[in-house]
Amino acid sequence: MNYNYFNIMINLKSEILAYDLPIPKTYLNKHDDKDLIYYSNIFIFESSDINLKDRLRYFSKLAKLSIKYSCNFSLAHNLTLSSKVNQELGDYKESIKKCLKANLLWEDLLSENELAVNGYIFSYTNLSNIYSSLELYDIAIKYLTAAQKLLPKCKVLYLPSIRINMNLGIVYQKIRRFKKSINSYDKILDLAELRKDFKVIIPTLINKSIVYITKNNINKSIDLNKKAEKYLIKVEDVIYGPTIYQNLGDAFYLKKDYKTAKNYFIKSLKIFENKSFLNRIFTLKNNIANTDYKLGKYRTAIQLYKEVVKSDNSSYKDKIDASNMLGEIYEKQKKYKLALEFNKYHIEYINKYLEQKHNEFKIKSDKAIEGLEVQINFLNKEIENSALKIELIHKKRELVTKKITTLSENNFLNELISKLKDNSYENDGTIRKKLAETILACQSRIDHSADWRQFFKLFNDLNPGFKRSFDKYNLTEQELRVCMMIKLGLTALEIANILSISLRGIQQHRYRIKKKIDSKVNLTSFIRSIN
């Protein structure tokens, strides 16, 4: 490591510490200096001790450091992770902006860093999640399709494939394209079962079971949930267990096996109560009350329904279901006064629920419009940038053409100098003097190495990554020049004139290049196919 780089990294570590980020010094010392910002991003994203708003604040500080030290990979990574936090906070507009900015960086980094493709896919799946949440499913699928096209660039396909197919499965499930949803989940299971990755297998089986219960294929849903239940001992379960039991309860309820359904609902409720998942607790109490009602146990059913109605923590949806059932039970028992009371509650909760949904719909609609505006603005800028890029490429192509002309002239002048030098030994002093002056004049017009350097630079700007594709073949500089000329569409005769060698010489170069590359296809086709 050179001293300048070492000093920069020392400064970087001190700046991270000076920013008062909640990252332990021991954690920073564990990682290579060049990766400090990258791992700092991960620490902030994964730490359960940091609330969402503080995470954004820390990400903002790390983004400034990434810009200051020209760490584009860390900046793209920072934007991708922080966009996920914005999404969790419901700030979809900012989340979309960050993802789109990250995508531009990931695109540029693809040819430099093999891990960039993973970040690019993560960013696309973030965008898909956002637009799916806004019920803009066509856009969500568009981003997932774009992510799929990047998969061949991945060295390790497993995690990116899982991420893409899980999102596709969920989106297709929401729009009731069940065949495609199941197909996406099956692709995940094929990959995960090979690795015995139960943390992926279990939620995939759960999601797939929900598709089947929606399709009214109850037995298939039960089989999938029971398979998932068997795998629970393989993972440190937090949420999967009670979800599986609730799904099994729903399935057996639809089969009218109310006793089995109740047992599964109770099993699920106990775990959710222990974990304080209030939004699931009251739904399950309603479910258990429903099974008691079906089994004719009205007293316990009434008790549970009343708990749901009276609680400040139960949702309007749960209150609607509970008050409706209470009205029905009291009517059956001919307790009309109580039936009327809970029917009034039922109407009141429906009105409140509709008002709540109206407000939620308005907020979601506003956010959807914002999301579309961001998308349209980005596309407009992309179109403007594309026009500028086309103009720039055109100008660079003109420069390459001029540079080729210069190189051709230089090679011609070099040949002329060589011939003049030969002739200078055969003539008298006056002629030799004039020949020497001509040689100097020719040499003054030549800066051979500088011209080739400029040509290489211009060529690499137009064809980034081309030269790197040939590094493994150990081509000579002249062979590489021939490859570049072929890439530019020049004929063998044109290349021979530019390099001032015979056509036979070019053919020999082509033969040696093909032998080194060990290509079975036409050399010109092979070279022109390289991006």
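Residue numbers run consecutively from 1 along every chain, following the written order of its sequence. Local features in this predicted model are restricted to residues whose pLDDT is 70 or higher, and side-chain atom pairs enter the listing and the counts only when it is 80 or higher, whereas totals over whole chains, interfaces and linings include all residues. To get the side-chain values, take all heavy atoms of the structure and skip hydrogens and water.

Let's talk about the packing of aromatic side chains
Each Phe, Tyr or Trp ring, with Trp reduced to its six-membered ring, pairs with another whose centre is within 6.5 Å; inter-plane angles below 30 degrees give stacked pairs, above 60 give edge-to-face pairs, and intermediate values give tilted ones. Applying the stated rule across the entire model yields 16 aromatic pairs. Where F198 meets Y231, the ring centres are 4.9 Å apart and the plane angle is 40°; that geometry is what we call tilted. A residue pair is termed long-range when its members are at least 10 positions apart, and F198 in helix α11 (residues 198-214) and Y231 in the loop between α12 (218-230) and α13 (240-254) qualify at 33 residues. When the ring of F252 is compared with that of Y264, the centres are 5.8 Å apart and the planes differ by 10°; the resulting orientation is stacked. Runs of H or I in DSSP of at least four residues are treated as helices and runs of E of at least two as strands, each being numbered from the N terminus.

Description of the layout of surface pockets
Throughout, the protein atoms alone are placed on a 1 Å grid, and a set of points is a cavity if a 1.4 Å probe fits but cannot get out or a pocket if it is open with protein on both sides within 12 Å along at least five of seven lines; lining residues have an atom within 4 Å of a point. Grid points are joined across faces, edges and corners, and a volume is the space filled by probe spheres set on the points. Quantified by volume, the second largest pocket comes out at close to 480 Å³. Every residue lining the second largest pocket is counted, 18 residues in all, and those nearest its centre are Y38, H77, N118, F122 and R163. Put simply, the parts of the chain that give the lining of the second largest pocket at least two residues each are α3 (36-46), α5 (72-88), α7 (116-133) and α9 (158-174). Each residue gets one of three labels, nonpolar for Ala, Val, Leu, Ile, Met, Phe, Trp, Tyr, Cys and Pro, charged for Asp, Glu, Lys and Arg, and polar for the others, Gly among them. Of the residues that constitute the lining of the second largest pocket, the class distribution is 13 nonpolar, three polar and two charged.

Quick word on the nonpolar core
Within the largest apolar cluster, 55 residues are counted, with the highest numbers of intra-cluster contacts made by I202, I244, Y305 and L326. Broken down by element, the residue count for this core peaks at nine residues, all from α11. As used here, the term nonpolar core means buried Ala, Val, Leu, Ile, Met, Phe, Trp, Tyr and Cys residues forming a set that is joined through side-chain atoms within 4.5 Å. A simple rule labels every residue: compare its accessible area, found with a 1.4 Å probe on the protein chains alone, to the largest value its type can have, and call it buried under 20%, exposed over 50%, or partly exposed in between. Formed by 39 residues, the second largest nonpolar core is a distinct cluster that contains L109, I130, C154 and A368.

With respect to the side chain of S161
Topologically, S161 is positioned in helix α9. Apart from the residues within four sequence positions on either side, S161 is in contact with L151 and L191. We call two residues in contact whenever any of their non-hydrogen atoms come within 4.5 Å of each other.

Digging into helix α24 (residues 503-517)
Between its terminal C-alpha atoms α24 stretches 21 Å, which fits the 21 Å expected from 15 residues at 1.5 Å a residue. All of the buried residues along α24 are G505, I506, H509, I513 and I517. Buried residues of α24, seen end-on, are gathered within an arc of 105° and therefore sit on one face of the element. Summarising the geometry of α24, the exposed residues directed more than 90 degrees from the buried face are R504, Y511 and K515. Contact partners of the buried residues in α24: α21 (466-470), α22 (477-487), α23 (492-499) and α25 (523-529). Immediately beyond the C-terminal end of α24, within one or two residues, lies D518, with a positive phi of roughly 60°. One less than the residue count of a helix, multiplied by 1.5 Å, gives the span that helix is expected to have. This arc is taken over the directions from the axis of the helix to the C-beta atoms.

What to know about helix α4 (residues 52-68)
Taking 1.5 Å as the rise per residue, α4 with 17 residues should run 24 Å; its terminal C-alpha atoms sit 25 Å apart, in good agreement. When we look at burial in α4, the residues that qualify are R55, Y58, F59, L62, A63, L65 and S66. Angularly, the buried residues of α4 cover 160° about the axis, an arc narrow enough to put them on a single face. Facing away from the buried side of α4, by more than 90 degrees, are the exposed residues K53, K64, I67 and K68. Throughout this description, a polar contact denotes any pair of N or O atoms lying within 3.5 Å of each other; where both atoms belong to protein, one of them has to be capable of donating a hydrogen while the other can accept it, and for residues adjacent in sequence the pair is counted only when both atoms sit in side chains. Backbone nitrogen of K53 and a side-chain oxygen of the N-cap are separated by 3.2 Å at the start of α4; the cap is N51. Just downstream of α4, S70 is the residue with a positive phi angle, here 55°.

Re unusual backbone geometry
It is generally the case that most residues other than glycine have a negative phi and that most peptide bonds are trans. If you check the backbone angles, K196 has positive phi at about 55° while not being a glycine. By secondary structure assignment, the location of K196 is in the loop between α10 (178-195) and α11. Phi at K256 is positive, roughly 70°, even though this residue is not glycine. Summarising the element assignment, K256 is placed in the loop between α13 and α14 (258-275). Classification of K256 by relative accessible area gives exposed; the value is 62%.

Quick notes on the pattern of salt bridges
Throughout this description, the term salt bridge denotes a Lys or Arg side-chain nitrogen within 4 Å of a carboxyl oxygen of Asp or Glu. For the structure on display, the rule yields 13 salt bridges. Across the salt bridge formed by D321 and K317, the nearest N and O atoms sit 3.2 Å from each other. In this pair, D321 and K317 are both assigned in helix α17 (residues 316-332), four residues apart and thus about one turn of the helix distant. When its relative accessible area of 42% is taken as the criterion, K317 is described as partly exposed. Put simply, K352 and E348 hold a salt bridge, and the shortest N to O gap is 3.1 Å. Highlighted residues: K352 and E348, both in helix α18 (residues 336-424), separated by four residues, approximately one helical turn. Take E348: its relative accessible area is 34%, and that puts it in the partly exposed class. One salt-bridge network, held together by shared partners, links E479, R512 and K516.

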